[in-house]
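# Inside the fold
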Amino acid sequence: MGSWIDLKQDPHTGIEAIRAHFDGHAYDPHFHDSYLVGFTETGVQQFHCRRVLHRSTPGQVFLVEPGELHDGHAPADGGFTYSMLYLDPEWVGSALRGLFEEVPVDCQPGFAQTLVGEPALRQAIVEACRAVQRPEPRMVRDAALDAMLAGLTWHLHWRRRLPDDPRLPSVALRARDYLHAHHDRDIGLAELASVCGVDRYRLTRAFKAAFGLAPHAYLVQLRLARARRLLALGESPATVAAWLGFADQSHMGRWFRRAYGFTPANYRRHCTKLPDPA
């Protein structure tokens, strides 16, 4: 079949629905600032998440939290096809407050498991994907998304919001916070190590052990997540590349395609319906 991606974005909620097929390698390790909720339609979808290798087969639901590093690969002939929704964390939080009479204070929702075998939840995701992909009336779309979220509540757990994760070394946390604050700058390892008060070698070892990526790779993924947001708002790829510190538009485009499977211009066009900038 070859690899392909079909993407639709709901203009009112910003929720994206993707249906895609991949043969062989799908995408490199990356993370999103959205909740990912989807299911495997055909084939075997193999991916690393939470430092575990998962194999999702037809009908299985997969659940990925914002910031969780994951990749994608088709280990068998024929590849795999999946459908997935990208849910904005603010939308999820607001919707959950509508479903629960009481929401724990200073907590955020998380997924208890990465893979779930539950036909009812899968069907709810199918209907939600269709409602976003097709020009359904807003009330139909809202009802489908609410039903899906109600099904997800059985697989959510509440995790207290903490400024730092006590399980992670302080040097890695300081480096992460610095990268988030200065993601648009050309930061060197020497500068980052100096900020953290360690040498560059200890910094790299601690950071990779904590987040699964070296600092430079994490910075690229952070920039790519921001790029998606800006492109979805209609900003041109050239402008986004300049704002986020990429060497040029081609540099951003190579990384964007490796992480997401399509070019920045193609992603922007699907989200905004705007023509490619001249």
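Let me sum up the structure you'll find in this document. Owing to the predicted nature of the structure, the values given are computational and were not obtained by experimental measurement.

## Quick word on the environment of His157
In this structure, His157 sits in strand S12 (residues 156-160). Distance from His157 to Leu173, taken between C-alpha atoms, is 24 Å for residues 16 residues apart in sequence. For His157, the contacting residues outside a window of four places in its chain are Glu65, Gln108, Pro109, Gly110, Phe111 and Ala112. A distance of 3.3 Å separates a polar side-chain atom of His157 from the backbone oxygen of Phe111.

## Focus: the side chain of Ser34
Residue placement: Ser34 occurs in the loop between strand S3 (25-30) and strand S4 (35-42). The residues touching Ser34, leaving out its near neighbours within four places in the chain, are Val64, Glu65, Pro66, Tyr86, Leu87, Pro89 and Arg229.

## Re the nonpolar core
Counting 33 residues, the largest nonpolar core has Ile18, Phe22, Tyr82, Leu224, Phe256, Phe262 and Tyr267 as the members making the most contacts within it. Ile15, Ala17, Ala95 and Leu96 belong to the second-largest nonpolar core, a separate cluster that totals 27 residues.

## Quick word on the sheet that holds strand S1 (residues 4-9)
Read across the open sheet, the six strands follow the order S1-S2-S9-S4-S7-S11; overall the sheet is antiparallel. At either end of the open sheet lies a strand with only one pairing partner, and these are S1 and strand S11 (115-116). Relative to strand S7 (residues 61-64), S4 is paired through four bridges, and the arrangement is antiparallel. Bridge pairing links Val37 to Leu63 in S7. The sheet contacts of helix H10 (residues 264-272) involve S1 and strand S2 (16-22), and relative to S1 the element is tilted by about 40 degrees.

## Observations regarding the sheet that holds strand S8 (residues 70-73)
The four strands are arranged S3-S8-S5-S6 in an open sheet whose pairing can be described as antiparallel. Both outer strands of the open sheet, S3 and strand S6 (52-56), are each paired with one neighbouring strand and no more. The average angle at which neighbouring strand axes cross in this sheet is 20 degrees, direction not considered.

## Regarding the environment of Leu213
Inspection of the secondary structure puts Leu213 in the loop between helix H6 (200-211) and helix H7 (215-232). Here the alpha-carbon distance between Leu213 and Ile18, two residues 195 residues apart in the chain, equals 26 Å. Each residue touching Leu213, except ones within four places of it in the same chain, is listed here: Leu69, Phe207, Lys208, Tyr218 and Gln221.

## Digging into the pairing of S2
Within a regular beta strand, the side chains point alternately toward one face of the sheet and then the other, so they alternate between its two faces. Counting buried positions along S2 gives six out of seven residues, so the element sits mostly inside the fold. Between S1 and S2, which pair antiparallel in sequence order, lie six residues; one of them, Gly14, sits at a positive phi of approximately 80 degrees. Alignment of S2 against strand S9 (residues 80-87), held across seven bridges, turns out to be antiparallel. Across the sheet, Ala17 pairs through a bridge with Leu85, a residue of S9.

## Some details on the packing of helix H4 (residues 170-181) against H7
It is at 10 Å that the axes of H4 and H7 come closest, and there the two elements cross at 40 degrees. Put simply, H4 runs oblique to H7. Every pair of crossing elements has a handedness; the one defined by H4 and H7 is right-handed. Judged by residue contacts, Arg176, Leu179 and His180 of H4 engage Pro215, Tyr218, Leu219, Leu222 and Arg226 from H7. A breakdown of the residues in the contact of H4 with H7 according to their chemical character gives five nonpolar, one polar and two charged.

Calculation notes
- Residues numbered from 1 in each chain as written.
- Predicted model: local features only at pLDDT ≥ 70, side-chain atom pairs only at ≥ 80, totals over all residues.
- Heavy atoms only, no water.
- Helix = DSSP H or I, 4+ residues; strand = E, 2+ residues; numbered from the N terminus.
- Contact = heavy atoms within 4.5 Å.
- Polar contact = N/O pair within 3.5 Å; in protein donor to acceptor, adjacent residues only side chain to side chain.
- Core = buried A, V, L, I, M, F, W, Y, C linked by side-chain atoms within 4.5 Å.
- Buried < 20%, exposed > 50% of the residue type's maximum accessible area, 1.4 Å probe, protein only.
- Pairing = 2+ DSSP bridges.
- Axes fitted to C-alpha atoms, helices over the stretch in contact; angles between N-to-C directions.
- Parallel < 35°, antiparallel > 145°, perpendicular 65-115°, else oblique.
- Left-handed = near helix turned anticlockwise from the far one by under 90°.
- Nonpolar A, V, L, I, M, F, W, Y, C, P; charged D, E, K, R; others polar.

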